[in-house]
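Architecture and fold: a report
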Amino acid sequence: MAGERPTCLQLTGIGKRFPGVVALAGVDFDLRQGEIHALLGENGAGKSTLIKVMTGVYTADDGTVDLNGKQYAFKTPQEAVNAGISTVYQEVNLLPNLSIAENICLGREAKGAFGIKWNDVRARAVKALARLDLKLDVKAPLSSLSIALQQMVAIARALDVSAKVLVLDEPTSSLDAHEVEQLFATMRKLREEGLGIIFVTHFLDQVYAVSDRITILRNGQKIGVWNASELPRLELVSQMIGRDAAVLESQGTASLTTETSTPFLTFEGVGRKGAIEGVQLNIGPGQVMGFAGLLGSGRSETVRLIFGADTKDSGNFLLDGRTIQRFNQRKAILSGIGLCPEDRKKEGVFPELSIRENILVVYQAKRGWLRKLSLPKQKQMAGALAKDLGVHPPDIERPIQFLSGGNQQKALLARWMAVEPRLLLLDEPTRGIDVGAKFEIMSLVSKQREEGRSFVFVSSELTEVVRTCQSVLVMRDRKAIKTLTGKEITEDSIIHAIAEDSK
Amino acid sequence: MKKLPPWGWAVIVLLLVLLFNLVKTPGFFEFHVRDGRIYGSLIDILNRATPVLLLSLGMTLVIATGGVDLSVGAVMAMTGATAACLIAQPTNSPLSSINVHQSIPQIIVISLFVALLCGTFNGMLVSWLGLQPIVATLLLMVAGRGIAQLLSNGQIITFQFPAFQAIGNGGTLGLPNPMWIGVIVACLFGLLVRGTALGLFVSAVGSNPIAAKNSGINPGRVKMVAYVLTALCAGIAGIIGTADIQAADATNAGLNLELDAILAVSVGGTFSNSGRFSIFGSVVGAILMQTLTTTILTRGVSADATLIIKAIVVVTVCLLQSPEFRNLFSKLGSFVPKKSGGVA
Ligand SMILES: Nc1ncnc2c1ncn2[C@@H]1O[C@H](COP(=O)(O)OP(=O)(O)OP(=O)(O)O)[C@@H](O)[C@H]1O
Ligand SMILES: [Mg+2]
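This structure is a prediction, so every number in the text was calculated from the model and none was measured. Throughout, a residue's number is its position along its own chain's written sequence, starting from 1. Chain letters start at A and ligand numbers start at 1, both assigned in the order the entries are written. Only residues with pLDDT of at least 70 are given local features in this predicted model, and only at 80 or more are side-chain atom pairs given and counted; all residues enter the totals for whole chains, interfaces and linings. Side-chain calculation: all heavy atoms of the structure are included, whereas hydrogens and water are not.

What to know about the overall build of chain A
Here a helix means four or more residues in a row that DSSP labels H or I, a strand means two or more in a row labelled E, and each is numbered from the N terminus. Along the backbone of chain A there are 18 helices and 22 strands. All radius of gyration figures rest on C-alpha atoms, and the globule criterion is 2.2 Å times the number of residues raised to 0.38. Relative to the compact-globule value of 23 Å for 503 residues, chain A shows a C-alpha radius of gyration of 23 Å, a close match. Dimensions of chain A along its principal axes, counting C-alpha atoms only, are 70 × 50 × 50 Å. Residue burial in chain A is summarised as follows: out of 503 residues, 53% are buried. Values of accessible area rely on a 1.4 Å probe in the Shrake-Rupley scheme; residue burial ignores everything except the protein chains shown. Here chain A has roughly 21600 Å² of accessible surface; of this, 50% comes from carbon and sulfur atoms. With a 1.4 Å probe rolled over the protein chains alone, any residue whose accessible area is under 20% of its type maximum counts as buried; one over 50% counts as exposed, and the rest are partly exposed.

Thoughts on the interface of chain B and chain A
By definition in these notes, contact holds between two residues if any of their heavy atoms fall within 4.5 Å. With 28 residues of chain B at the interface, the matching set in chain A holds 30 residues. Two parts placed together each lose some accessible area under a 1.4 Å probe, and the buried area is that loss summed for both. Taken over both partners, the interface formed by chain B and chain A buries close to 2300 Å², and the fraction arising from carbon and sulfur atoms is 60%. When residues of chain B are sorted by the area they lose upon contact with chain A, Leu200, Asn214 and Ser215 of chain B head the list and together hold 25% of the total. For salt bridges, the criterion is a side-chain nitrogen of Lys or Arg within 4 Å of an Asp or Glu carboxyl oxygen. Along the contact surface separating chain B from chain A lie one salt bridge. Breaking the side of chain B that touches chain A down by element, the ones donating at least two residues are helix H7 (177–195), helix H8 (198–207) and helix H9 (209–214) of chain B. If one sorts the elements of the side of chain B that touches chain A by residue count, H8 of chain B sits on top with six residues. Residues of the side of chain B that touches chain A, tallied by class, amount to 12 nonpolar, 12 polar and four charged. Under the scheme applied here, ten amino acids are nonpolar (Ala, Val, Leu, Ile, Met, Phe, Trp, Tyr, Cys and Pro), four are charged (Asp, Glu, Lys and Arg), and all others, including Gly, are polar.

A short note on the environment of Asn252 of chain B
All names here are of chain B. Relative to the helices and strands, Asn252 is located in the loop between strand E6 (247–248) and helix H11 (257–267). A sequence separation of 179 residues divides Asn252 from Gly73, and the C-alpha atoms of the two residues are 9.0 Å apart. Among the polar contacts listed, one links the side chain of Asn252 to the side chain of Asp249, at a separation of 3.1 Å. Any pair of nitrogen or oxygen atoms within 3.5 Å is treated as a polar contact; in protein, a donor-acceptor pairing is required on top of that, and neighbouring residues in sequence qualify only through side-chain atoms on both sides.

What to know about the site of ligand 1
Residue and element names in this part refer to chain A. Near ligand 1 there are 22 residues, and of these Gly44, Lys47, Ser48, Thr49 and Ser404 occur at the shortest range. One of the side-chain nitrogen or oxygen atoms of Arg398 is found 3.2 Å away from an oxygen atom of ligand 1. Ser404 is positioned with one of its side-chain polar atoms (N or O) 2.6 Å from an oxygen atom of ligand 1. Isolated, ligand 1 exposes 640 Å² of accessible area, and the fraction of that covered by the protein chains is 93%. Looking at the shell around ligand 1, the elements with two or more residues in it are strand E2 (21–32), helix H1 (47–54) and helix H15 (405–417). Among the elements that take part in the shell around ligand 1, H1 stands out by supplying three residues, more than any other. Its residues assigned to classes, the shell around ligand 1 comprises eight nonpolar, 10 polar and four charged. The nearness test applies per residue and asks whether one of its heavy atoms lies within 4 Å of the molecule or strand.

Observations regarding the sheet that holds strand E4 (residues 62–67) of chain A
By definition, the strands of a sheet pair up through backbone hydrogen bonds, in either a parallel or an antiparallel sense. Residue and element names in this part refer to chain A. By definition, two strands form a pair when at least two bridges between them are found by DSSP. Strand order across the open sheet formed by four strands is E2-E1-E4-E5, with antiparallel pairing between neighbours. Each of the sheet's edge strands pairs with one partner strand only, and the pair in question is E2 and strand E5 (70–72). Here the strands of the sheet are splayed against their neighbours by 25° on average, with no regard to which way each runs. Note that E4 and E5 share three bridges and pair antiparallel. Residue Asp66 lies in a different strand from E5, and its bridge partner there is Gln71. Taken strand by strand, H1 contacts strand E1 (7–18) and E2, and its axis lies near 115° from that of E1. To obtain an axis, a line is fitted to C-alpha atoms, over the contacting stretch when the element is a helix, and the angle between two such axes runs from 0 to 180 degrees between their N-to-C directions.

Structural notes on the nonpolar core
Counting residues in hydrophobic clusters, the biggest one holds 168 residues, and the most contacted among them are Leu265 and Ile337 of chain A together with Leu57 and Phe164 of chain B. In terms of nonpolar packing, the next biggest core, distinct from the first, is built from 37 residues, Ile100, Ala101, Ile197 and Phe199 of chain A among them. Take the buried Ala, Val, Leu, Ile, Met, Phe, Trp, Tyr and Cys residues and link them wherever side-chain atoms come within 4.5 Å; each set so joined is a nonpolar core.

Observations regarding the packing of aromatic side chains
All names here are of chain A. Only rings of Phe, Tyr and Trp enter the pairing, Trp through its six-membered ring, and a pair is recorded when the two centres are within 6.5 Å. The plane angle decides the type: under 30 degrees is stacked, over 60 is edge-to-face, the rest tilted. Across all of its chains, the model carries 10 aromatic pairs over all chains by this definition. Ring centres of Phe18 and Tyr58 lie 5.2 Å apart, and the angle between their planes is 75°; this geometry places the pair in the edge-to-face category. Of this pair, Phe18 sits in strand E1 while Tyr58 is found in the loop between H1 and E4, placing the two residues 40 residues apart along the sequence. Ring geometry for Phe184 and Phe199: centres 5.9 Å apart, planes at 90°, overall edge-to-face. Linking Phe184 in helix H6 (residues 177–192) with Phe199 in strand E10 (residues 196–200), this pair joins segments that are 15 residues apart in sequence. Per residue, the accessibility class of Phe184 equals that of Phe199, and both read buried. Taken together, the ring pairs in this structure connect Phe267, Phe317 and Phe327 into an aromatic cluster.

A short note on H8 of chain B
The buried fraction of H8 of chain B is high, at 10 of 10 residues. Looking only at H8 of chain B, the buried set comprises Leu198, Gly199, Leu200, Phe201, Val202, Ser203, Ala204, Val205, Gly206 and Ser207 of chain B. Buried positions along H8 of chain B lie against helix H13 (355–367) of chain A together with helix H2 (41–64), H7, H9 and helix H10 (219–245) of chain B.

Some words on H2 of chain B
Residue and element names in this part refer to chain B. By this rule the span expected of a helix is its residue count minus one, scaled by 1.5 Å. Here H2 contains 24 residues, and its C-alpha end-to-end distance of 32 Å stays within 8% of the 34 Å for a straight helix at 1.5 Å per residue. The term bend refers to the angle at a residue between two fitted axes, each drawn through seven residues, those ending there and those starting there. Along its length, H2 shows its largest kink, about 50°, at Thr50, and proline Pro51 lies within four residues downstream of that point. Within H2, 18 of the 24 residues are buried, which leaves the element mostly enclosed by the surrounding structure. Trailing H2 by a residue or two, Gly66 shows a phi angle of about 90°, which is positive.

Considerations on the side chain of Ser111 of chain B
Residue and element names in this part refer to chain B. With respect to the helices and strands, Ser111 occurs in helix H4 (residues 104–128). By relative accessible area, Ser111 is classed as buried at 0%. Of the polar contacts made by the side chain of Ser111, one reaches the backbone oxygen of Ile107; its length is 2.7 Å. Ignoring any residue separated from it by four or fewer positions in sequence, one finds Ser111 in contact with Thr79, Thr82, Ala83, Leu86 and Ile239.

Brief notes about the environment of Leu9 of chain A
Residues and elements named next belong to chain A. Among the structural elements, Leu9 can be located in strand E1. Relative accessible area serves as the criterion here: at 0%, Leu9 is assigned to the buried category. Remark: the alpha-carbon pair of Leu9 and Lys70, spanning 61 residues in sequence, is separated by 9.4 Å.

Shown next, in the form of structure tokens:
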């Protein structure tokens, strides 16, 4: 093609093996200057591994990496950064107790005669954030920010150095629509500046919104590369999952309405200082209730109160019609409530423990420490659950940290399926999960709902909310502002409720 | 290549030290039978390893939950003093009001009760008050010896009580009693940890305390159990020590043994907050520590050098356990033509 931009990053024949797993085999990949290149594939396809190979976290077993015509063999991420490849990894790895400024400048602080020049560091951090149109108090600790903003800080950190290639591994999974738009604007701006950007995501809308080209991986192999404008959506999904995408569509579930009998859980004006105020809600058996709202609107906080991770300071909390005074996670689990937390890495997984142990830990905690489940039974049960949820690879004795991000999420869902809770709180359960698995989880939810189990479903993806929920609680500014039920639930009505000016 | 278990390196190094002795120390692997007891360097090592072995059993769980217990040596001194005072009934001891009429079960139960109190105290400081384990247990490490002094009224208490002494220096079926006690307690520990879900809960709390809470585990309670078990083990070690020398010395009993126990645990492949621990590894670690000591002493090296050599071995094993270090090492050796392995 004439006028084609020059290639800046070229990977040839990349292979990477882990004990028992071939993560990548003979993968070619090329990135041009000034393009946004989407890297797509199912959970465990090898996207993160490919990125880690090109950024020096792993050394490839086979193949070569060329940057601007020069061959490199990065041994450390720092070497890749020096050569001009900046990366935001899938799992945000910043230091929560340090300030925002320190996180952005860590390892490259300006040093003067009297140690670190803090004013310089702060000024640089402010500038880096300004590039993302963000204004934050850079002296505040990182942990004071929502995950979304932490993600933006991670991006700002990567942008701080003069990069030629920017790699973003699922950067948008915790951002809301507005923040995603902001990020895309930044990406487009950087593209104009001639940067090559690699972008991993499971949101297909986003793929079409910004990318120029698309590379698809499946089972560690490259399936092909397309111009985004020439690859229809259905075709893309089929290429990713390796079978006809139409099958998935038929699995989508229509929402049925059930008249609610006595509610399982009731909140009467429940509040907690600094988190939520006066929340009313009723969840009946067999009901899926969605929580919609912007990030920081109090959805996760409400979920934490229901699970006993936080305690209320006002209002009434009733379970099966009985008032609950003191509540904690253990009591919640014993009364049949479960939580899949939003921050999987911090609050969910035990990285060093095996997939089997990760799946069965709640089941075992519920049985008590004396009644240990025998090993053969554990293997059988965890194996069956891992298979049901499609955890891949299915070797349940490996530490969970070696699973890809989306597969870790599936294992956490399996953990709750093991105890069959009466009410399962799902806080962004589909984050980082590929299209196929999303449908599977949604159909699992609706199947279990028919058996009388209830769910709370927090998601920033309104399509999912509309498809699965019988009622939707719309939250804004830490208050529940509206409950939509049955036919009232449409994407438009939810957006309206969120955006309505508080009167 | 199959991955080496966490205790693999400790076993390898232990075998190397034994091999060294096979070649260099004549008579190291010999056994003699005298008065119905078996004697020999190996038996001696296992016998002497018992106190550290007992301490390291409990310490394994404490370290696995992200803590450390510095007070074990002091707890040994306290239980030892308690037992000695109950037997010798010295005047002016606060314990002299309790007369157990030389009933060994009662002596043991009361002494272990003291240990239990210590463990509960540590556990409360760590899990309820949220103190740093190092600080919390330092408290009892320092104050514990003072309490032991108080119990024994500032004297070294000696006694003559053959039936009790047998716990420390008698033998059963030809083998020394402390060794039997070590073996039995280690087996009970293994059973407790693997036969119940306690092991899983300890791993979970060590790996990610927040996730453990969200899974219905009470991290405070798990930590409490770990500190109580550790103190009980220290109590048993303290009783053996007192019985062995027929005396209680509040200042020196179990001195510095907390360090040996921590080293034994690390050598055995258990690390703080790694979510992985190995009771077997700690047993091997404790035996390795004692084998080193005995080897060095039989070779006539001065006792001061013992510490240095021990330190070198501990550091080496810990380095070998770290994948980063092994990578560095294999890179240094990469001029050796590498065979490209097939798919594992
Ligand atoms: N450090 C590791 N040790 C062993 N296996 C690993 C390791 N890292 C990744 N794998 C395996 O390699 C395969 C590819 O994983 P990768 O993380 O690249 O997937 P991904 O495409 O990023 O998936 P996701 O969308 O879920 O993030 C998976 O089967 C995974 O289990
Ligand atoms: Mg990934």
